[in-house]
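Breakdown of the fold
Read off the chains here:
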Amino acid sequence: MSILRRALDWLIPRPTERDVVSDQEHVRRLALLAGREPGRVQLYEQALTHRSALQEDEAATDSNERLEFLGDAVLSVIVAEELYVRYAESDEGFLTKLRSKLVNGKTLAACARSIRLGEHLKLSQNMVKTRGRDNRSILSDAYEAVVGAIYLDHGLDAAHEFVNRTLIQSADIENLARTRDNYKSLLLELSQARSWPQPIYEVVSE
C-alpha cells in the first residue's frame, strides 16, 4: 500500500454504521490533500457537487462546472510549466502533444480514483445507480474542479503541490514522451518519407 493511500485512509476513513462522518467533515478531510487547512470549505463542497445532485438536493445551489472550467486552466498551466522545464530542448509541437497525453479524461479519472474522489461526490440517486461514481467523465471533471477549489482557496503553489503529488509523480512521463499514438500522422509521415501519394481514407461502415 502506497504512502499516499495510507494517508488517505487516515484522512478520509470509510464511514460505518457506528462511525458516520458528516459530509462537511469528509470535505474538510479531502481538502487536507492540498497540504493546508481549508479556509473556504464551501469551495470543496461545490467541487464535489455534480450537476445531477441539484435536482434532488435543495441545499446544493451550484454544481462543480464553473470550478471545473477554472481548474482545467490552472491544471494546463501547471503541467505546461513542468514539461517546459523538464524538456528544455523540445519544441512547441512536442510539448503540446505530451501535455495532451498527460491531461486527458482517462489520466485524470485515474488520479481521481487514486484519491477515492468518487466516494465523496454528490450525485443524484439515478446517477449513483448507473455507476456515476466511477464514470470517467464525472471523475475527471471533479478532479479539475478540486484543482480549481484549491487554487481559489490557497493559490497556485498549493494547486501545484496537489497536481504534482496526484498526477505528475504518478505518471510515467518519460514513457508517454516515447509513445507515438497518432497513427494517422505516423502513416502520413511514412508516406512522405517513401515518396508515396498521400493516403486516401474511405468509410468502410457506420
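If you're wondering where the values come from, they're calculated on a predicted model, not measured in any experiment.

Analysis parameters
- Residues numbered from 1 in each chain as written.
- Predicted model: local features only at pLDDT ≥ 70, side-chain atom pairs only at ≥ 80, totals over all residues.
- Heavy atoms only, no water.
- Helix = DSSP H or I, 4+ residues; strand = E, 2+ residues; numbered from the N terminus.
- Buried < 20%, exposed > 50% of the residue type's maximum accessible area, 1.4 Å probe, protein only.
- Areas by Shrake-Rupley, 256 points an atom, 1.4 Å probe, with all protein chains shown as cover.
- Patch = residues over 30% accessible without salt bridge, like charges linked within 9 Å, V, L, I, M, F, W, Y side chains within 5 Å.
- Salt bridge = Lys/Arg side-chain N within 4 Å of Asp/Glu carboxyl O.
- Contact = heavy atoms within 4.5 Å.
- Lys, Arg positive; Asp, Glu negative; His and termini not counted.
- pLDDT = per-residue confidence, 0-100.

Attention now goes to the overall build of the protein. When you go through the protein residue by residue, the secondary structure sums to 11 helices and zero strands. In the protein, the succession of helices and strands from N to C terminus is α-α-α-α-α-α-α-α-α-α-α. Expressed as a percentage of the 206 residues in the protein, the buried residues total 36%. Surface accessibility of the protein: about 12900 Å² in total, with carbon and sulfur atoms responsible for 49%.

Moving on, we get to a nonpolar patch on the surface. A cluster of nonpolar residues, Leu187, Leu190, Trp196 and Tyr201, forms a patch on the protein surface that exposes about 400 Å² of accessible area. With respect to the secondary-structure elements, Tyr201 resides in the segment after helix H11 (183–193).

Residue position: Ser124 is located in the loop between helix H6 (105–114) and helix H7 (125–129). The class of Ser124 is buried, set by a relative accessible area of 5%. Among residues more than four places away in sequence, those in contact with Ser124 are Ser52, Ala53 and Glu56.

Turning our eyes to something else, we now look at the side chain of Glu68. Locating Glu68 in the fold gives a position in helix H4 (residues 65–86). One buried charged side chain, Glu68, makes no salt bridge at all; its nearest oppositely charged neighbour is Arg51, positioned 6.4 Å away. Once you skip the residues sitting within four places of it in the chain, Glu68 turns out to touch Asp141, Glu144 and Ala145.

Attention shifts here to the pattern of salt bridges. Applying the stated criterion across every chain yields a total of five salt bridges. Of the charged contacts, one joins Arg51 and Glu65 as a salt bridge, the two residues approaching to 3.0 Å between their closest N and O atoms. Here the residue Arg51 occupies a position in the loop between helix H3 (41–47) and H4, and Glu65 occupies one in helix H4, the gap between them amounting to 14 residues. Judged by relative accessible area, Glu65 falls into the partly exposed class, the value being 37%. Residues joined by salt bridges that share partners form a network here, namely Arg113, Arg131 and Asp134.

For the protein, the mean per-residue pLDDT works out to 81, and 76% of the residues sit at or above 70. The least confident element of the protein, judged by mean pLDDT, is helix H1 (residues 3–11) at 47; the most confident is H4 at 95. Scored below 50 in pLDDT, residues 1–8 makes 10 contacts in the model with residues more than four places away or belonging to other chains. Here residues 10–20 is a poorly scored stretch, pLDDT under 50, and it has 17 contacts once near neighbours within four places are set aside; other chains count.

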